[in-house]
Each structure stands twice: as structure tokens, then as C-alpha cells.
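A look at the structure
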Amino acid sequence: MDAPSSLVDLAPLTRMMLLGIAIAFGPLVWIGLKHRQASPAQRLRVLTLVTLFLTFDLVLFGAFTRLTDSGLGCPDWPGCYGAASPLGAHADISAAQSAMPTGPVTFSKAWIEMVHRYLATGVGVLIIVLAVGSWIERRRIHVHWVWPVVTLAWVCLQGAFGAFTVTMKLFPAIVTLHLLGGLVLLALLRAQSVAYRLGEPGSAGPTPIGAAQRGWLLAAFALVWLQIALGGWVSTNYAVLACSEFPTCQGSWWPAMNLREGFTLWRELGANHAGEAITFPALTAIHYVHRLMAYAVFALLLALAWALWRVPGLQRFARVLVALCAWQFLTGLSNVVLDWPLLAAVGHTGGAAALVIAFTGAVAATRSAEVFP
């Protein structure tokens, strides 16, 4: 679907790209100076880890942008009213804020939205450098250059979804896909960092585990993705407060829900498939399905942690898994009983992102023992 042309102004694109280069310059200089004696594979691994860290920050700041209702702080893309920063859009923002002091466009919301875009541009520049560096060093490293190129293509797709998030006025399906796309980017970068480590001289290679254990690992990872998608659907539909108590919801173990309306995916924010205001039972369904699925996910993740606790090379992953389960439970519970505090909401997104990183690292660093000679 093409974005409305009035909402896309490429005039500030060059200045935005220069800002992205400036943001990426610091990490690149640090890596070049601190690791100038390292091998190409080691430098690329460090660059991947730095990019992974900044992408994690980007995901958190994206959640902060959404939760502070700043997603339309600049209602065009990629700049702000055709300018590269809110400073150049002062008159337009002032007019919008004067007309609606608590509306979607204010100076604070504009700055939050643009900082998010600046950070995204910086991450994009680092990924370009990573792809180019991998191509140049492709004959001297053991990681195939295709993966960094796939990551570059994916970040471009993420940029497109970021544009659609604005131009389609926070369409829930697009916002949820944008969140999932950011987590896929984390997974791609984490897999590459593991591949660089395993490709270094002297590396013992992937950790062999039983076929059944690896099967459960992959199944749990798939279920985590489903749960994150459900959580994103809760957040993008602002359904967190549909149930404000725990463990029951609205005083019942099975509250009134409209599953069909709640999980009609292609509709505008706050509306049902007919364009009417979405009903409270639909919001309840969105919230409660996520909560019910959380019980199954927690049980499976804790069982997996127990099974991997004594597997050589996976004890750390098992401990991290238990810690992240506890973190997700506490932040999720805080969102419900403390009226959706901003810190807990951002922390809950951070926990989901950390689960993706941890699982990707474990999957990338292991192989079924049966495939080894």
C-alpha cells in the first residue's frame, strides 16, 4: 500500500542521512582505535555487538515513543514538517500544539519521535558498514557475507514500516509488524555475532545437544515469538488496562470477550472491521488471550531451563531464561495492577527483546548431536 504523498517529504533525507553518519561515527572510531590490532573477523564481531546493543536501545526507545503517544509527534516522514529536526518545524508544531495542547503533535513528542528516527538512521549506517566490511573481507572470514546483506535488506524494510507507521496513523497491524521487525533485526545481528565467534581460530564450534533438547529449544523459541506478537497486539491496541486485576479479569476467570472483533487484524486504531468504535469485550479478548498464553509460555520456558541446566555450555542460558521469566512476570504484573506505568511497560518490551537475543544466541551456538560424526 502506497503512503499518501502529502505525508512523505524526502527533502530532509540528505540531512537525516548525515545525522545518521554522525551518530555512527563515534562507535566506528572507537572500534577502529581499540581493536586496530584485531583480525577482520574480530573487528566485525565487535561491530556486530555494538550494533546489536544500539538496536536493542532503539527497540526500547521505540517502545517509549509508542507509550508516550509520540508516534505522530511529527506527522510526516522522514523529517518533521519537511525539516530535519523540530527546530526547523517550530512554527508548524506551535500551531498544532496551540490548536490541541494535549494532541498528538507537541514539541516534546516531536523531539521523542525524531530522536527515535535519528537513532534508527545511525543503526542503519552501522549495518551498511557491516555489510560492506563483510563483503570486502569475505575471503578471510568464516561467516558468509549473505547474512550481513540480508540484515541490510531487513533494516531497509524496517524503515519502510516506520514510514507506514506514521503515514497510516498508527495502524495496529503495521505498528505490531514494526515491533516484530525490530526484534527480527536483533535476532539477525545476534546470530551473526555468534557466527563470528564460532569462526575464530581455536573455537570449539557449536555445542552438541540432544535432538529432543534442540527440538524443545526451537519449539519454545517459536512460542516466544507468538507471545511477543500477542503482546505487541495488546500494546498497539492500548488494551493493557482492559483487565486491571490479577489473576482474574473484571472479577471473573473468563470475562466477556469478543475474540473475532479483537483479532480482526486489518483495521484502524480504535475501530472494528466496520469502522465503528472497538468494543470493550474486544479489548478484553486481546488482553486476556495474551495473559492466558503467558501461563503456557512461562511453564515451557521454566521446564526448558530445568532441562538445560546441566547441559555443558548452556547453563548460562538456563539461568538467563529463569531471570527473564521472572522479569517478564514482574513487569507484566506491574502493568496490570499499577495502571500501566511507563517504566514497567518499557521494561516489559525490553524483556521480550532480551528473550529474542538469548534464544537466538542459544539456537545459533548449538547443533543436534546426531549430526556430528
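So, a few notes on the structure that sits alongside this text.

1. Points about unusual backbone geometry
In this model, W77 is joined to P78 through a cis peptide bond whose omega is 5°. Following the sequence through the fold, P78 ends up in strand β2 (residues 77-78). The residue after F246, namely P247, is reached through a cis peptide bond having omega 5°. With a phi angle near 60°, K169 is a residue other than glycine that sits in the positive phi range. Along the polypeptide, K169 turns up in the loop between α5 (146-167) and α6 (172-198). Exposure remark for K169: the relative accessible area of 41% places this residue in the partly exposed category. The residue W340 is not glycine, and still its phi comes out positive at about 60°.

2. Details of the packing of helix α4 (residues 107-136) against α5
For the pair α4 and α5, the least separation of the axes is 8 Å and the interaxial angle reads 160°. Viewed along their axes, α4 and α5 adopt a mutual orientation that is roughly antiparallel. Remark: the crossing between α4 and α5 carries left-handed chirality. Of the residues in α5, those in contact with E113, R117, G124, I127, I128, L130, A131 and S134 of α4 are P148, V149, T151, L152, V155 and V166.

Reading guide: rules and limits
Residues numbered from 1 in each chain as written. Predicted model: local features only at pLDDT ≥ 70, side-chain atom pairs only at ≥ 80, totals over all residues. Heavy atoms only, no water. Helix = DSSP H or I, 4+ residues; strand = E, 2+ residues; numbered from the N terminus. Buried < 20%, exposed > 50% of the residue type's maximum accessible area, 1.4 Å probe, protein only. Axes fitted to C-alpha atoms, helices over the stretch in contact; angles between N-to-C directions. Parallel < 35°, antiparallel > 145°, perpendicular 65-115°, else oblique. Left-handed = near helix turned anticlockwise from the far one by under 90°. Contact = heavy atoms within 4.5 Å.

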